[in-house]
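# Notes for the structure review
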Amino acid sequence: IGEGALVIWCLQWGFGVAAAIGVAWWAHQVLGDPAAATLAGAIAAVNPFLVYYDTRCIHPLSMDMALFVAVTGTVLLAAAAVRNVRWTIIAGAVMGLALWQRSAVLAAGLFAWLLAIVRARRIDRPATARHALLWLVIALVVVSPWLVRNARLFHRLVYTTDFAHIVWLGNNPWSNGTYSD
């Protein structure tokens with residue numbers, strides 16, 4: 001792709017933009033108010049943590065935020081279309097990809113499904129719960145090669161999938177030997 005930190009900075013900024021747009025979309029879906037959605041996206045865009053890390057450090061925070069928004073957004077779509085399995089499959093794949101980067105995002109997805117089950121009409125709750133289970137199975141299938149790799153390498157289960165840490169730690173000219181920042 002190219003050499004130098006500029007490529008990494010551009011990726012970080014791209015993830016930050018994606019996160020802000022995703023927050024605006026998510027807010028529009030939940031609130032139904034374009035003005036509130038625009039405000040939510042603008043607030044996400046000027047989040048001091050994202051601005052600091054995206055302009056001062058090589059750090060995966062913007063990617064983590066974009067993945068969080070993608071996970072919760074696709075779960076929202078899957079829960080709204082509980083009669084159609086397509087969005088559940090997509091949401092499971094997104095969650096599985098997010099697990100490769102930051103395993104803690106799983107909590108957001110699980111919580112979003114829990115809310116979807118609680119808020120579902122009584123008659124739709126079993127179907128919503130089945131979709132949540134399918135979502136989890138798909139996510140685990142997507143991330144399973146990494147978990148198998150960890151088990152074979154370390155001879156025990158290692159649940160961390162901190163991709164940024166593993167790739168950046170000591171594998172790039174900007175590494176300080178501890179973490180990417």
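Placed above this text is the structure.
As the structure is a computational prediction, the values presented were derived from the model and not from experiment.

Rules of the game
- Residues numbered from 1 in each chain as written.
- Predicted model: local features only at pLDDT ≥ 70, side-chain atom pairs only at ≥ 80, totals over all residues.
- Heavy atoms only, no water.
- Helix = DSSP H or I, 4+ residues; strand = E, 2+ residues; numbered from the N terminus.
- Expected span 1.5 Å × (residues − 1).
- Buried < 20%, exposed > 50% of the residue type's maximum accessible area, 1.4 Å probe, protein only.
- Arc of directions from axis to C-beta.
- Contact = heavy atoms within 4.5 Å.
- Salt bridge = Lys/Arg side-chain N within 4 Å of Asp/Glu carboxyl O.
- Phe/Tyr/Trp six-rings, centres within 6.5 Å; stacked < 30°, edge-to-face > 60°.

## Describing helix α2 (residues 34-45)
In this model α2 runs 16 Å from its N-terminal to its C-terminal C-alpha over 12 residues, within 8% of the 16 Å that 1.5 Å per residue would give. Among the residues of α2, those classed as buried are A37, G41 and A44. Here the buried residues of α2 occupy an arc of 60° about the axis, which is enough to place them on one side. What points out from α2, more than 90 degrees from its buried face, is the exposed set A35, T38, L39 and I43. Of the surrounding elements, those touching the buried residues of α2 are α1 (5-31) and α3 (48-56).

## Observations concerning α1
Spanning 27 residues, α1 covers 39 Å between terminal C-alpha atoms, matching the ideal 39 Å at 1.5 Å per step. Buried residues of α1: A5, I8, W9, Q12, G16, A19, A20, G22, V23 and A27, and no others. Looking one or two places after α1, you find G32, whose phi comes out positive at around 70°.

## Considerations on the pattern of salt bridges
Summed over all chains, the structure comprises 3 salt bridges. D64 is paired through a salt bridge with R102; the nearest N and O atoms lie 2.8 Å apart. Of the two residues, D64 is situated in helix α4 (residues 61-80) and R102 in the loop between α5 (86-101) and α6 (105-119); the sequence distance between them amounts to 38 residues. As far as the burial class goes, D64 and R102 line up, both buried. Measuring nitrogen to oxygen at the nearest pair gives 2.8 Å for the salt bridge that ties D124 to R83. Placement of D124 in the loop between α6 and α7 (125-154) and of R83 in the loop between α4 and α5 is noted, with a sequence separation of 41 residues between them. Judged by its relative accessible area of 66%, R83 falls in the exposed class.

## Re the packing of aromatic side chains
According to the stated counting rule, one finds 2 aromatic pairs in the structure shown. Between W100 and W146, the aromatic rings sit 5.6 Å apart at their centres with planes inclined by 55°, giving tilted as the arrangement. Here W100 is found in helix α5, whereas its partner W146 is found in helix α7, with 46 residues between them in sequence. For W146, a relative accessible area of 12% gives the class buried. Ring geometry for W113 and W135: centres 6.3 Å apart, planes at 55°, overall tilted. Taken together, the residues W113 in helix α6 and W135 in helix α7 connect sequence positions 22 residues apart.

## Structural notes on the environment of L115
Relative to the helices and strands, L115 resides in helix α6. A relative accessible area of 40% means that L115 is categorised as partly exposed.

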